[in-house]
Amino acid sequence: MKRVLVTGGAGFVGSHLCERLLEAGNEVLCVDNYYTGTRRNVAHLLDNPCFELMRHDVTFPLFAEVDEIYNLACPASPIHYQFDPVQTTKTSVHGAINMLGLAKRRKAKIFQASTSEVYGDPSVHPQPEEYWGNVNPIGIRSCYDEGKRCAETLFFDYHRQHGLRIKVARIFNTYGPRMHPNDGRVVSNFIVQALRGEDITLYGDGGQTRSFCYVDDLVEGFLRLMNTDDTVTGPINLGNPGEFTMKELAQKVVALTGAKSKLIHLPLPADDPRQRQPDITKAKAILDWTPTVDLDTGLAKTITYFDGLLKSGAD
Ligand code: NAD
Ligand code: UDP
Ligand code: UDP
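Residues numbered from 1 in each chain as written. Chains lettered and ligands numbered in written order. Predicted model: local features only at pLDDT ≥ 70, side-chain atom pairs only at ≥ 80, totals over all residues. Heavy atoms only, no water.

1. So, the sheet that holds strand E11 (residues 236–238)
The pairing of strands in a sheet happens through backbone hydrogen bonds and is either parallel or antiparallel. Applied cut-off: Only strands joined by at least two bridges in the DSSP assignment are considered to pair. Helix and strand assignments follow DSSP, with helices taken as H or I runs no shorter than four residues and strands as E runs no shorter than two, numbered in order from the N terminus. Lines fitted to C-alpha atoms define the axes, with helix axes restricted to the stretch in contact, and inter-axis angles between N-to-C directions lie between 0 and 180 degrees. Should any heavy atoms of two residues lie within 4.5 Å, those residues are counted as being in contact.
The parallel open sheet is built from seven strands, whose spatial order is E3-E2-E1-E4-E5-E6-E11. The open sheet has two free edges, formed respectively by strand E3 (51–55) and E11, since each of these has just one partner strand. The average angle at which neighbouring strand axes cross in this sheet is 20°, direction not considered. Bridge count between strand E2 (residues 27–32) and E3: five bridges; the pairing is parallel. Bridged to Leu29 within E3 is Glu52. Sheet strands touched by helix H1 (residues 12–23): strand E1 (3–7), E2, E3 and strand E4 (68–71). Its angle to E1, the strand with the most contacts, is close to 170°. Against the sheet, helix H4 (residues 142–162) touches strand E5 (109–115) and strand E6 (166–171), its axis set at about 155° to E5.

Have a look at this one:
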C-alpha cells in the first residue's frame, strides 16, 4: 500500500483524484487550505480509515512521510487567482519548492498539475508540448501563468540537479461535478445561470474557443502518467481535443437544460486567449490515453450535479 499526498485535494479535480486513489487501494493524505476548495468535496471520504485530511498552506514547509505526491494546490479560476495575485504566485512557486523539497527528502515521485496557460494566447494551433508559448509576463493572468511556468522550471531543475522523479501534466480546461458554483469558470457559470433562468454571460463576441475535458478522463490521465517508468517526465498535454466556441457552449447548455435564458455579451477580460486546443499525440502514444466522455455527455452529468446542489440550497 502506497501513502500518497494530494495537495489541493479538497478542490474540484483533487477530490476526484483522492477518490480514485482510495479506490485503487492507496492511503491518501489530502492537504488543503480551503482557499477555493471545501471540506464538503471530501466529506464522503472522511469515514475511510485510509483517508486523512489536513488543513495546511503549501507555501509553508510540510513534513509528511509519503511515497508519492500530486501537487494540485493552486486556485484555478481567473477570478480566484486574480483576487490575491501575490498569494497565487507564492502558492505556485513556494508551494512547488516545498513539495519538491519534500519529494527530495522522501525520494518520492512527484506530479505537477501544470496548465495549458503556459502557452498563453497561442500563436500555434493546436498546442503541442514543444511550443514555448506566448505569455504576457506583466498582465492580470501572469500571476497564474508565470507562477505555473516557474513551477515547471523548478520541477525540471530538481529533476536535473537532484535526480527527482517528476511527472508534469499540462491540463486543458476541465469540468464536471464539484466545480464551485461561484468560481467564475465558463462551464459552471453557464450551467448555474441556465438553471436559475438568468442571462448567460458571453464575454466578448463569444467566438473564442476552448476544449473541455470531463474530470473522470483527466484523472485517468493523471494515474497513467504517474505510473509511467522513471524516464517519462512530461510535460504531457492532458485535455479533450474537441474545440468549441463559447457561443456554441452556451447554446449546448441552453439546449440541455431547456432554459429560457438569453445570451448577453459582456466585455472580454484582458489577455483572454483567443483559441485553445490540445495536441494529445504524446498522451496517446506514451500513456495510451484518450478522452472518452464527449461534451454533451459530460455537460449532462455536470448539469445533474449542479441541479441537485442548487435545489439543496448549498452554494
Ligand atoms: P480548485 O480551485 O477547485 O482546486 C485547487 C485547490 O487548491 C483548492 O482546494 C484550494 O483550496 C487549494 N489551494 C489553493 N491554494 C492553496 C495553498 N496555498 N495551500 C493549500 N491548498 C491550496 O481548482 P481545480 O480545477 O481543481 O484545479 C486543480 C489544479 O489543476 C490546480 O493546480 C490548477 O491550476 C490545475 N488546472 C486545472 C484546470 C481545470 O480546468 N480545472 C486546468 C489547468 C490546470
Ligand atoms: N521541505 C519541506 N518538507 C520536507 C523537506 C523540505 O517542506 O520534508 C521544504 C524546505 O523547508 C525547503 C524546501 O522544501 O524550504 C526545499 O527543500 P530543499 O531540500 O530542496 O532545499 P533547502 O532546504 O536546501 O533550501
Ligand atoms: N467566459 C465567458 N463567460 C463567462 C465565463 C467565461 O464567456 O461567464 C469565457 C472567458 O472569457 C474565456 C472562456 O470563457 O474565453 C473560458 O473561461 P474560463 O474562465 O473558464 O477559463 P480560461 O479562460 O482560464 O480558459
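2. Remarks on the packing of aromatic side chains
Put simply, the rule is: A pair of Phe, Tyr and Trp rings is counted when the ring centres sit within 6.5 Å of each other, with Trp represented by its six-membered ring. The angle between the planes then sorts it: under 30 degrees is stacked, over 60 is edge-to-face, the rest tilted. The classification of residues rests on relative accessible area computed with a 1.4 Å probe and restricted to protein chains. Under 20% of the type maximum is buried, over 50% is exposed, and intermediate values are partly exposed.
Enumeration according to the criterion identifies eight aromatic pairs in this entry. Between Tyr70 and Phe111, the aromatic rings sit 5.1 Å apart at their centres with planes inclined by 45°, giving tilted as the arrangement. With Tyr70 in strand E4 and Phe111 in strand E5, this residue pair connects regions lying 41 residues apart in the sequence. The two residues Tyr70 and Phe111 agree in class, both being buried. Seen in terms of ring centroids, Phe111 and Phe222 are 4.6 Å apart; in terms of plane orientation they differ by 50°. Their pairing is tilted.

3. Some points on the packing of helix H3 (residues 85–106) against H4
Two numbers describe a pair of packed helices, the interaxial angle and the distance between the axes. Applicable threshold: Small angles under 35 degrees read as roughly parallel and large ones over 145 as roughly antiparallel, with 65 to 115 read as roughly perpendicular and the rest as oblique. Crossing chirality is assigned from the near helix's rotation relative to the far helix, an anticlockwise turn below a right angle marking it left-handed and a clockwise turn marking it right-handed. The classification used treats Ala, Val, Leu, Ile, Met, Phe, Trp, Tyr, Cys and Pro as nonpolar, Asp, Glu, Lys and Arg as charged, and all other residues, Gly among them, as polar.
It is the contact of H3 with H4, at a shortest axis distance of 8 Å, that shows an interaxial angle of 15°. In terms of axis orientation, H3 runs roughly parallel to H4. Crossing handedness for the pair H3 and H4: right-handed. Between H3 and H4, the residues in contact are Pro85, Thr88, Thr89, Ser92, Val93, Ala96, Ile97, Leu100, Gly101 and Lys104 and Cys143, Tyr144, Gly147, Lys148, Cys150, Ala151, Leu154, Phe155, Tyr158 and His162, respectively. In terms of residue class, the contact of H3 with H4 is made up of twelve nonpolar, six polar and two charged.

4. Observations concerning the nonpolar core
Under the convention used in this document: Here the nonpolar core consists of buried residues drawn from Ala, Val, Leu, Ile, Met, Phe, Trp, Tyr and Cys, with membership extended through side-chain atoms lying within 4.5 Å.
The biggest cluster of nonpolar side chains holds 59 residues, and the ones touching the most others in it are Leu17, Tyr70, Phe111, Phe222 and Leu238. Sorting elements by how many residues they give to this core places helix H6 (residues 215–226) first, with seven residues. If you look at the next biggest cluster of nonpolar residues, it comprises 25 residues, including Val58, Val93, Ala151 and Leu154.

5. Description of unusual backbone geometry
The amide bond that connects His125 to the next residue, Pro126, takes the cis arrangement and shows omega of -10°. When you line up the elements, Pro126 lands in the loop between E5 and H4. Here the residue pair Gly234 and Pro235 is connected by a cis peptide bond, since its omega of 0° sits within 30 degrees of zero. When you line up the elements, Pro235 lands in the loop between H6 and E11.

6. What about the site of ligand 1?
This is how it is decided: Summary of the distance rule: residues count as near a molecule or strand when at least one heavy atom falls within 4 Å of that molecule or strand. Throughout this description, a polar contact denotes any pair of N or O atoms lying within 3.5 Å of each other; where both atoms belong to protein, one of them has to be capable of donating a hydrogen while the other can accept it, and for residues adjacent in sequence the pair is counted only when both atoms sit in side chains. Per-residue and other accessible areas were derived by the Shrake-Rupley procedure at a 1.4 Å probe size, with only the shown protein chains allowed to occlude residues.
Taken together, 30 residues form the shell around ligand 1, and within it Val13, Asp32, Thr36, Tyr144 and Thr174 come nearest. Measuring from an oxygen atom of ligand 1, one finds a side-chain N or O atom of Tyr144 at 2.6 Å. Calculation on ligand 1 without its partners gives an accessible area of 820 Å², and the protein chains cover 96% of this total. Elements represented by at least two residues in the shell around ligand 1 include exactly H1, H3, E5 and H4. Here the shell around ligand 1 gets three residues from one element, more than from any other, and that element is E5. For the shell around ligand 1, a count of residues per class yields 14 nonpolar, twelve polar and four charged.

Function cannot be read off these values alone, since they describe shape.
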